[in-house]
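Chain and residue survey
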Amino acid sequence: MARFCVTGGCGFIGSHLSAALIARGHSVRVLDDLSTGSRANLAPGAALLRGDIADPADARAAMDGVDGCFHLAAIASVERGVQDWPGTHRVNLSGTVAILDAARAHRVPVVYASSAAVYGDGPVLPIPEDAPTRPLSAYGADKLGCEQHARVAGAVHGIPTLGLRFFNVFGPRQDPRSPYSGVISIFCDRLVRGNAVEVFGDGEQTRDFVYVGDVVAALLAAMPAASTAAPVLNLCTGQPTSVRALAATVAALCGTPLTLNHRPPRAGEIRHSLGAPDRAREALGLATPTSLRDGLAEVVAWLKAGSPGLAVPAGEPSV
Ligand code: NAD
Ligand code: UD2
């Protein structure tokens, strides 16, 4: 049994990871400020340290005596980075440096969440890890900064790390009510209740949707692969899905007639985002990813069960 720190463990991905670690007999300390996460998401058996990753004292307290850290806490929204550039930078980059600094004394390995946002509009599809990184947002620039500091952590301080560039992650516990919610959580929430969905632009834009269970499997496999060479890997499926096809699949699963309301395209929208999954599959020994349909069925079942884990059940007005 090992002891792990999970930053952001009250959030969408961190709560699934914490539960998986506990199920494997490990002990988990969560560092979370509950800004977008919820206490209801805390995995039974995990200890919660309510604090700020960017506060060096909180970071040190969370890392004290652990065998490894999964660093997932972030302000995980491109739009928030547009509105509050310095505030999101403090959390997304300075917070990561504070966690790496807290890992220094005992060279605690750190597996951390990067993002496909580091690529910007990729010139090649599917995007391999060695494609040029040209982030188009503060969020993407800070995630790229995390990767650079991870390299410094290895080269200068001997801290093993591994970064995973998540593409579009989906699954139960992804909150559908925020304006920054992922398209899958929004579509499932609306179609389960028989409502129309909004499509930005023509709906032919595509994304690489990766199921949260596969993300957890990759995070678990990444910890022993962390090294001072600071590897960075894509976490994706290599399967493109258009927004229109997604809507049709969710509607069929829900048994709801589909009404699409078209809206103007989002400003600065990436047309196609598709990752090359082979390196991560090989390096981490990952299994065939969950099919989109099976993952969507899990989301729909979670919503029909009243969306346990969300502070306010999906479908109710947010405050
Ligand atoms: P989330 O918002 O559900 O979880 C983030 C958690 O971090 C929340 O519980 C929040 O309360 C916590 N947090 C935020 N600021 C904090 C701070 N200053 N100190 C302590 N805790 C803080 O987001 P998620 O979707 O679970 O994302 C997890 C990670 O994966 C993030 O690093 C995100 O950038 C990355 N990522 C996610 C996606 C996706 O599709 N969901 C895609 C690319 C990258
Ligand atoms: C994802 C990440 C974002 C950042 C970005 C980097 C999520 C939730 N967001 O943004 O954090 O990493 O990638 O490039 O993973 N759409 C609709 N109707 C809706 C909602 C969305 O048509 O009601 C479309 C949207 O215009 C886009 C697609 O669905 O084409 C996916 O949208 P998203 O917000 O889920 O994710 P994305 O890829 O814009």
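Let us look at the structure shown here. Remember, it's a predicted structure, so these values are computed and weren't measured experimentally. (Residues numbered from 1 in each chain as written. Chains lettered and ligands numbered in written order. Predicted model: local features only at pLDDT ≥ 70, side-chain atom pairs only at ≥ 80, totals over all residues. Heavy atoms only, no water.)

**Points about the sheet that holds strand β5 (residues 110-115)**
Here we have 7 strands laid out as an open sheet, ordered β3-β2-β1-β4-β5-β6-β11, and parallel in their pairing. Strand pairing shows two members of the sheet lacking a second neighbour, β3 (47-50) and β11 (232-235), which therefore form its edges. Looking at each pair of strands side by side, their axes are set apart by 20 degrees on average, direction ignored. Pairing of β5 with strand β6 (residues 161-166), which is carried by 6 bridges, proceeds in the parallel orientation. Bridged to S115 within β6 is F166. Across the sheet, helix α1 (residues 12-23) is in contact with β1 (3-7), β2 (27-32), β4 (68-71) and β6; its angle to β1 comes to roughly 170 degrees. Each of β4, β5, β6 and β11 is contacted by helix α7 (residues 212-222), which is oriented at about 165 degrees to β6, the strand it contacts most. (Pairing = 2+ DSSP bridges. Helix = DSSP H or I, 4+ residues; strand = E, 2+ residues; numbered from the N terminus. Axes fitted to C-alpha atoms, helices over the stretch in contact; angles between N-to-C directions. Contact = heavy atoms within 4.5 Å.)

**A short note on the site of ligand 1**
Close contacts around ligand 1 come from 28 residues, with F12, D32, T36, Y139 and K143 the closest. G11 places a main-chain nitrogen or oxygen 3.0 Å from an oxygen atom of ligand 1. Measuring from an oxygen atom of ligand 1, one finds a side-chain N or O atom of T36 at 2.7 Å. Look at ligand 1: alone it shows 830 Å² of surface, and the protein chains cover 91% of it. (Near = heavy atom within 4 Å. Polar contact = N/O pair within 3.5 Å; in protein donor to acceptor, adjacent residues only side chain to side chain. Areas by Shrake-Rupley, 256 points an atom, 1.4 Å probe, with all protein chains shown as cover.)

**Examining helix α8 (residues 243-254)**
Helix length check: α8, at 12 residues, gives a terminal C-alpha distance of 17 Å against a target of 16 Å (1.5 Å per residue), a fit within 8%. When we look at burial in α8, the residues that qualify are V243, L246, A247, V250, A251 and C254. One side of α8 holds all its buried residues, which, seen down the axis, span an arc of 130 degrees. Among the structural elements, α6 (183-192), β8 (197-200), β10 (209-211), β12 (241-242), β13 (260-263) and α10 (292-304) are those in contact with the buried residues of α8. Count one or two residues on from α8 and you reach G255, which has phi positive near 65 degrees. (Expected span 1.5 Å × (residues − 1). Buried < 20%, exposed > 50% of the residue type's maximum accessible area, 1.4 Å probe, protein only. Arc of directions from axis to C-beta.)

**Description of the packing of aromatic side chains**
Scanning all chains against the criterion turns up 3 aromatic pairs. Summarising the aromatic geometry, the rings of F4 and F70 are spaced 5.4 Å apart at their centres and angled 55 degrees between planes, so their arrangement reads as tilted. A residue pair is termed long-range when its members are at least 10 positions apart, and F4 in strand β1 and F70 in strand β4 qualify at 66 residues. For F70, a relative accessible area of 1% corresponds to the buried category. Relative to F167, the ring of Y119 lies with its centre 6.4 Å away and its plane at 40 degrees, an arrangement referred to as tilted. Here the residue Y119 occupies a position in the loop between β5 and α5 (138-157), and F167 occupies one in the loop between β6 and β7 (168-170), the gap between them amounting to 48 residues. (Phe/Tyr/Trp six-rings, centres within 6.5 Å; stacked < 30°, edge-to-face > 60°.)

**Some points on the site of ligand 2**
Near ligand 2 there are 20 residues, and of these V183, E198, F200, R207 and E269 occur at the shortest range. Within the backbone of F200, one N or O atom sits 3.0 Å away from an oxygen atom of ligand 2. In this structure, R266 approaches ligand 2 through a side-chain N or O atom, which is 3.0 Å from an oxygen atom. Surface burial for ligand 2 is 85%, taken as the share of its 730 Å² of free accessible area covered by protein chains. Of all the secondary-structure elements, those providing two or more residues to the shell around ligand 2 are α6 and β8. Counted by class, the shell around ligand 2 contains 11 nonpolar, 5 polar and 4 charged residues. (Nonpolar A, V, L, I, M, F, W, Y, C, P; charged D, E, K, R; others polar.)

**Comments concerning unusual backbone geometry**
With omega at -10 degrees, the peptide bond leading from L125 into P126 counts as cis. One can find P126 in the loop between β5 and α5. Here S307, not a glycine, exhibits a phi torsion of approximately 45 degrees, which is positive. Within the element layout of this structure, S307 appears in the segment after α10. A relative accessible area of 2% places S307 in the buried class.

**Quick word on the pairing of β8**
Of the two faces of β8, only one is covered, namely that formed by V197 and V199; the face formed by E198 and F200 stays uncovered. Bridge count between β8 and β13: 4 bridges; the pairing is parallel. What sits directly across from E198, in β13, is N261.

**A short note on the packing of α1 against α7**
Remark: α1 packs on α7, axes separated minimally by 9 Å, with the N-to-C direction vectors making an angle of 60 degrees. Judged by the inter-axis angle, α1 sits oblique to α7. For the crossing formed where α1 meets α7, the hand is right-handed. Contact residues: F12, I13, H16, L17, A20 and L21 in α1; V212, V215, V216, L219 and L220 in α7. Taken together, the residues of the contact of α1 with α7 sort by class into 10 nonpolar, 1 polar and no charged. (Parallel < 35°, antiparallel > 145°, perpendicular 65-115°, else oblique. Left-handed = near helix turned anticlockwise from the far one by under 90°.)

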